[in-house]
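# Notes for the structure review
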Amino acid sequence: MSASPLRCEVARLRRTRRASRRAIYPGSFDPVTYGHIDVIERAAHVFDEVIVAVANNIQKKPLFDTRERVAMLLESTKSIKGIRIDVFDGLVIDFAHKNNANVLIRGLRMVSDFEYEFQMALTNRRLAEDIETVFLMPSEGYSFLSSTLIKEAVSLGADVSSFVPEDVAKRLKKRLSSRRRQGA
Ligand code: ADP
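These lines cover the structure that appears in this document, whether it is placed above or below. (Residues numbered from 1 in each chain as written. Predicted model: local features only at pLDDT ≥ 70, side-chain atom pairs only at ≥ 80, totals over all residues. Heavy atoms only, no water.)

### Topic: the overall build of the chain
The condition that has to hold: Strands are runs of DSSP state E lasting at least 2 residues, helices are runs of H or I lasting at least 4, and numbering of each runs from the N terminus. Burial classification: accessible surface area is computed with a 1.4 Å probe over protein chains only, and a residue below 20% of its type maximum counts as buried, one above 50% as exposed, and the rest as partly exposed. By definition, residues are in contact when any of their heavy atoms lie within 4.5 Å. The protein chains shown are the only cover counted for residues, whose accessible areas, like all others here, come from Shrake-Rupley with a 1.4 Å probe. When charges are counted, Lys and Arg contribute as positive and Asp and Glu as negative, whereas His and the chain ends are disregarded. For the purpose of locating charges, the reference atoms are NZ of Lys, CZ of Arg, CG of Asp and CD of Glu.
Counting its regular elements, the chain contains seven helices and five strands. Across the chain, helices and strands are ordered from the amino to the carboxyl terminus as α-β-α-β-α-β-α-β-α-β-α-α. Evaluated residue by residue, the chain yields a buried proportion of 41% over its 184 residues. Relative to all contacts within the chain whose residues are 6 or more apart in sequence, the contacts with residues 24 or more apart total 77%. Only carbon and sulfur atoms are counted for the fraction: they give 53% of the accessible area of the chain, which is about 11,200 Å². Averaging the coordinates of the 30 positive side-chain charges in the chain and doing the same for the 23 negative ones gives two points 5 Å apart.

This is how it looks when you write it as structure tokens:
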């Protein structure tokens, strides 16, 4: 093999190797919690690059718009190396292909997550055989946390500073109290 095809082959192998180490962590992150951050940190230890992908087209109306959800993620993950935050529309497998990633990260909290996550992983596998779903478990301390639960707790006046970063707690309080004033 002459030098040039060899260089091409090495470059191709490098690209393949890198692609196999890039993972997508999709979700609505409405808002990000310490549970999500725990999963992001774990994923960043395993993969070269983790793209935290914020779903733009979620079915239920989010409390925070996409721009706000991205801003909270940027603020709360700024010390974590090897990650980036992005937004996607449509199918996550299309987003993964576009970004040359072949792993989807999902967090598993309790057995109750399993059924839905299992269905989604198998559906994605049927749609894209080349993409694997990898499940990561958070620390036990965060295994009960969900964005929905936190929103409920804040609307009832609870202090959620041990569940979400300070910036998120402030935004939640502000958003939910203005909603209460509007009678929403
Ligand atoms: P969804 O994609 O259902 O809207 P989220 O955006 O809240 O859910 O979460 C994205 C991913 O993060 C899902 O795989 C979810 O199971 C996981 N996740 C959410 N909260 C936690 C937590 N406390 N610990 C671990 N994983 C979590």
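### Focus: a nonpolar patch on the surface
What counts here: By definition, no residue in a patch forms a salt bridge, and every one has over 30% relative accessible area; like charges are joined within 9 Å, nonpolar side chains (Val, Leu, Ile, Met, Phe, Trp, Tyr) within 5 Å. The working definition used for a salt bridge is a side-chain nitrogen of Lys or Arg within 4 Å of a carboxyl oxygen of Asp or Glu.
Nonpolar side chains collect at one region of the surface, where Val111, Phe114, Phe118 and Leu122 lie side by side and expose about 400 Å² of accessible area between them. As for its position among the elements, Phe118 is in helix H5 (residues 111–127). For Phe118, a relative accessible area of 42% puts it in the partly exposed group.

### Notes on the pattern of salt bridges
Applying the stated criterion to the full structure yields 14 salt bridges. Lys151 is the salt-bridge partner of Asp30, the closest N and O atoms lying 2.9 Å from each other. Taken together, the residues Asp30 in the loop between strand E1 (22–27) and helix H2 (34–46) and Lys151 in helix H6 (residues 147–155) connect sequence positions 121 residues apart. Each member of the pair, Asp30 as well as Lys151, carries the same accessibility label: buried. The shortest N-O distance in the salt bridge between Asp167 and Arg171 comes to 3.4 Å. Of this pair, Asp167 and Arg171 both sit in helix H7 (residues 166–181), four residues apart, roughly one helical turn. If you follow the salt bridges from partner to partner, you end up with Arg22, Glu49, Arg84 and Asp86 in one network.

### Here's the deal with the site of the ligand
Condition: Nearness of a residue to a molecule or strand requires only that one of the residue's heavy atoms be within 4 Å of it. Pairs of N or O atoms within 3.5 Å make up the polar contacts considered here, provided that, within protein, one atom can donate a hydrogen while the other can accept it, and that residues adjacent in sequence are counted only when both atoms are side-chain atoms. In this analysis a 1.4 Å probe is tested at points of a 1 Å grid over the protein atoms alone, and where it fits but cannot get out there is a cavity; an open set with protein on both sides within 12 Å along at least five of seven lines is a pocket; lining residues have an atom within 4 Å of a point. Molecules are considered to sit inside a cavity or pocket once more than half of their atoms lie within 2 Å of its grid points.
In the vicinity of the ligand, 16 residues are found, and the nearest of them are Tyr25, Ser28, Gly107, Tyr142 and Leu145. His36 places a side-chain nitrogen or oxygen 3.1 Å from an oxygen atom of the ligand. Arg109 places a side-chain nitrogen or oxygen 3.2 Å from a nitrogen atom of the ligand. Protein chains bury 86% of the 540 Å² of accessible surface belonging to the ligand in isolation. More than half of the atoms belonging to the ligand lie within 2 Å of the grid points that define the largest pocket. Elements that contribute at least two residues to the shell around the ligand include exactly E1, H2, strand E4 (103–107) and H5.

### With respect to the environment of Val154
For Val154, the location among the structural elements is in helix H6. With relative accessibility at 7%, the residue Val154 sits in the buried group. As for Val154 and Leu176, which are separated by 22 residues in sequence, their C-alpha atoms are 7.4 Å apart. The contacts of Val154, once residues within four sequence positions are left out, are Val160, Leu172, Lys173, Leu176 and Arg180.

### Let's talk about the sheet that holds strand E5 (residues 132–136)
Spelled out, the test is: We treat two strands as partners when DSSP finds at least two bridges between them. Between N-to-C directions, angles cover 0 to 180 degrees, with each direction set by a line fitted to C-alpha atoms, over the stretch in contact for helices.
In space, the five strands of this open sheet follow the order E3-E2-E1-E4-E5, with parallel pairing throughout. Every interior strand has two partners, whereas the edge strands, strand E3 (83–88) and E5, have only one. For this sheet, the mean angle separating the axes of adjacent strands, direction not counted, is 30 degrees. Summarising the sheet, E1 and E4 pair through two bridges and their orientation is parallel. Paired with Ile24 across the strands is Leu104, a residue of E4. Sheet contacts for H5: E4 and E5; angle to E4, the most-contacted strand, approximately 170 degrees.

Purely geometric stuff here, so don't read any function into it on its own.
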